[in-house]
Amino acid sequence: MDRRALSGSLLGVSAALSYGVTVVIGRELAKSHLPPADALGLRFGIAGVLLVALLVLSRRPVVPEAGERVRVFLFGAMGYAVESACFYSGLARGTAAAVTLLFYSYPAVVTVADLVISRRRPSRQVIAALVLAAGGAGVIAAGSGDVDITGAGIIFSLCAAASFAVYLLAGDRFLRRTDSMRIAAGTAVGASASLLTFAAVAGEVHVPTERWWQLLIYGAATAAAFAFMFAALRRLGSQRTSVLLTLEAVFAIVLAAVFLGEGLGGAQALGGAAVLAGAVIISLTPLRPRVEAAAEPP
């Protein structure tokens, strides 16, 4: 068994679980009518503080490597901020099921773009895992409720998927020398700065004191998700990591059923099994030499 593939897969699964937690907390905050820029800005701000504090306490460098500092900040300020804003805008114009269904097209976008850029043929295992993960995520989303969405909602949802795909691909290729923890911290800080600036300009800055415990969990889960995701990217590359992150749909549905009382139907269970099967295939498939070499920092 390829230990690097296994460890990277465990990190990817951990990132998906952490993102699943953010989905549940995000739904609760949305019900309290906290503006998106506020909720997301505070979420990433708390995540950034936690990650920087962890780096300081562990006596590790905080600032990214020279030549990558601006890139790391822009990854958050432009990349992740745009993706999260588009996703929330989609939710305002369509059901969660419809938006999720469209958003989980991003693994296919990542795979196709990665193949075009690298000019490599994917293994049969990767193709099978992609089909299982994308199909399972689609079944989960479609089984979550009525699939209703406006034309603008479709555009926002697909923009979120495309921007997240670009985010994964760029992170895999342009951040080679900075370790995953510093990338995670810089991305969170950049996203928070961008979103809170937008909220301030729009006059929407509001900190609900009665929601602080939820915001802390929101930020902590985001910090964990960022750290795990970039560590997985370093080991597996964007293509495999994107497939593993579709497990977020499974975790989000299960956590919503447990903590929010949302039902878990047979179709969702079937879709979850398909996504899990895709993750297992990725975990057990050895990394090709070129993929591993690309993931290693120079």
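Please refer to the structure higher up on the page.
A brief report on the enclosed structure follows. (Residues numbered from 1 in each chain as written. Predicted model: local features only at pLDDT ≥ 70, side-chain atom pairs only at ≥ 80, totals over all residues. Heavy atoms only, no water.)

### Looking at the overall build of the chain
Phase 1 of the analysis: For the chain, the helix and strand inventory stands at 13 helices and zero strands.
Phase 2 of the analysis: Starting at the N terminus and ending at the C terminus, the chain contains elements arranged as α-α-α-α-α-α-α-α-α-α-α-α-α.
Phase 3 of the analysis: By sequence separation, contacts in the chain at least 24 residues apart represent 92% of the contacts at least 6 residues apart.
Phase 4 of the analysis: For the chain, the computed accessible surface area is about 13,000 Å², with 68% contributed by carbon and sulfur atoms. (Helix = DSSP H or I, 4+ residues; strand = E, 2+ residues; numbered from the N terminus. Contact = heavy atoms within 4.5 Å. Areas by Shrake-Rupley, 256 points an atom, 1.4 Å probe, with all protein chains shown as cover.)

### Quick notes on the nonpolar core
As a rule of thumb, soluble globular proteins bury nonpolar side chains together.
Phase 1 of the analysis: Ranked by internal contacts, the top residues of the largest apolar core, which has 53 residues, are L51, F103, Y106, F164, L168, M229 and L245.
Phase 2 of the analysis: Elements that contribute at least two residues to this core include exactly α1 (3-31), α2 (36-57), α3 (69-91), α4 (96-103), α5 (106-118), α7 (151-174), α8 (180-201) and α9 (212-236).
Phase 3 of the analysis: For this core, the element with the most residues is α9, which contributes nine residues.
Phase 4 of the analysis: In contact with L51, not counting residues within four places along its chain, are M181, A184, A185, A188, A223 and A227.
Phase 5 of the analysis: With 13 residues, the next largest nonpolar core counts L236, V275, A279 and I282 among its residues. (Core = buried A, V, L, I, M, F, W, Y, C linked by side-chain atoms within 4.5 Å. Buried < 20%, exposed > 50% of the residue type's maximum accessible area, 1.4 Å probe, protein only.)

### Overview of the pattern of salt bridges
Phase 1 of the analysis: Applying the stated criterion to the full structure yields four salt bridges.
Phase 2 of the analysis: One salt bridge in this structure joins D179 and R60, with 3.2 Å as the shortest N-O distance. Here D179 is found in the loop between α7 and α8, whereas its partner R60 is found in the loop between α2 and α3, with 119 residues between them in sequence.
Phase 3 of the analysis: Judged by its relative accessible area of 21%, D179 falls in the partly exposed class.
Phase 4 of the analysis: Of the residues examined, R60 reaches a relative accessible area of 37% and is grouped as partly exposed.
Phase 5 of the analysis: Between D172 and R173 there is a salt bridge, and its shortest N-O distance comes to 3.5 Å.
Phase 6 of the analysis: Overall, the relative accessible area of 10% leaves D172 in the buried class.
Phase 7 of the analysis: Here the residues in one salt-bridge network are R60, E65, D179 and R182, joined through shared partners. (Salt bridge = Lys/Arg side-chain N within 4 Å of Asp/Glu carboxyl O.)

### Structural notes on the side chain of R43
Phase 1 of the analysis: Within the element layout of this structure, R43 appears in helix α2.
Phase 2 of the analysis: Among buried Asp, Glu, Lys and Arg side chains, R43 stands out as unpaired, with E83 the closest opposite charge at 6.5 Å.
Phase 3 of the analysis: Looking at R43, its side chain comes within polar contact range of the side chain of T222, at 2.6 Å.
Phase 4 of the analysis: When neighbours within four sequence positions are excluded, R43 is seen to be in contact with Y19, T22, Y80, Y218, G219 and T222. (Lys, Arg positive; Asp, Glu negative; His and termini not counted. Polar contact = N/O pair within 3.5 Å; in protein donor to acceptor, adjacent residues only side chain to side chain.)

### A look at the side chain of E248
Phase 1 of the analysis: Mapped onto the elements of the fold, E248 is located in helix α11 (residues 247-259).
Phase 2 of the analysis: It turns out E248 is buried and unbridged, and the closest side chain with the opposite charge, R43, is 7.2 Å from it.

### Some thoughts on the packing of aromatic side chains
Phase 1 of the analysis: What the rule picks out here adds up to eight aromatic pairs.
Phase 2 of the analysis: Following the ring pairs from residue to residue traces out a cluster consisting of F44, F75, Y80, F164, Y167, F226 and F230. (Phe/Tyr/Trp six-rings, centres within 6.5 Å; stacked < 30°, edge-to-face > 60°.)

### Topic: a nonpolar patch on the surface
Phase 1 of the analysis: Together, V70, F73, L74, M78 and V189 make up a nonpolar patch on the protein surface, roughly 450 Å² of accessible area in all.
Phase 2 of the analysis: Assessed through its relative accessible area of 37%, V189 is described here as partly exposed. (Patch = residues over 30% accessible without salt bridge, like charges linked within 9 Å, V, L, I, M, F, W, Y side chains within 5 Å.)

### Concerning α11
Phase 1 of the analysis: Between its terminal C-alpha atoms α11 stretches 18 Å, which fits the 18 Å expected from 13 residues at 1.5 Å a residue.
Phase 2 of the analysis: For α11, the complete set of buried residues consists of L247, E248, A249, V250, A252, I253, L255 and A256.
Phase 3 of the analysis: Once α11 finishes, G261 follows within two positions and takes phi at roughly 75 degrees, a positive value. (Expected span 1.5 Å × (residues − 1).)

### What about the packing of α1 against α9?
Phase 1 of the analysis: At their nearest, the axes of α1 and α9 sit 7 Å apart, and the two run at 155 degrees to each other. As summarised for this structure, α1 and α9 are arranged roughly antiparallel, according to the angle between their axes. For the pair α1 and α9, the sense of crossing is left-handed.
Phase 2 of the analysis: Class assignment of the residues belonging to the contact of α1 with α9 gives a composition of 19 nonpolar, ten polar and four charged. (Axes fitted to C-alpha atoms, helices over the stretch in contact; angles between N-to-C directions. Parallel < 35°, antiparallel > 145°, perpendicular 65-115°, else oblique. Left-handed = near helix turned anticlockwise from the far one by under 90°. Nonpolar A, V, L, I, M, F, W, Y, C, P; charged D, E, K, R; others polar.)

### A look at the environment of G136
Phase 1 of the analysis: Looking at the element boundaries, G136 is found in helix α6 (residues 124-142).
Phase 2 of the analysis: Judged by its relative accessible area of 2%, G136 is buried.
Phase 3 of the analysis: Remark: the alpha-carbon pair of G136 and A249, spanning 113 residues in sequence, is separated by 9.0 Å.
Phase 4 of the analysis: Beyond its immediate stretch of four places on either side in the chain, G136 contacts V131, G271, A274 and V275.

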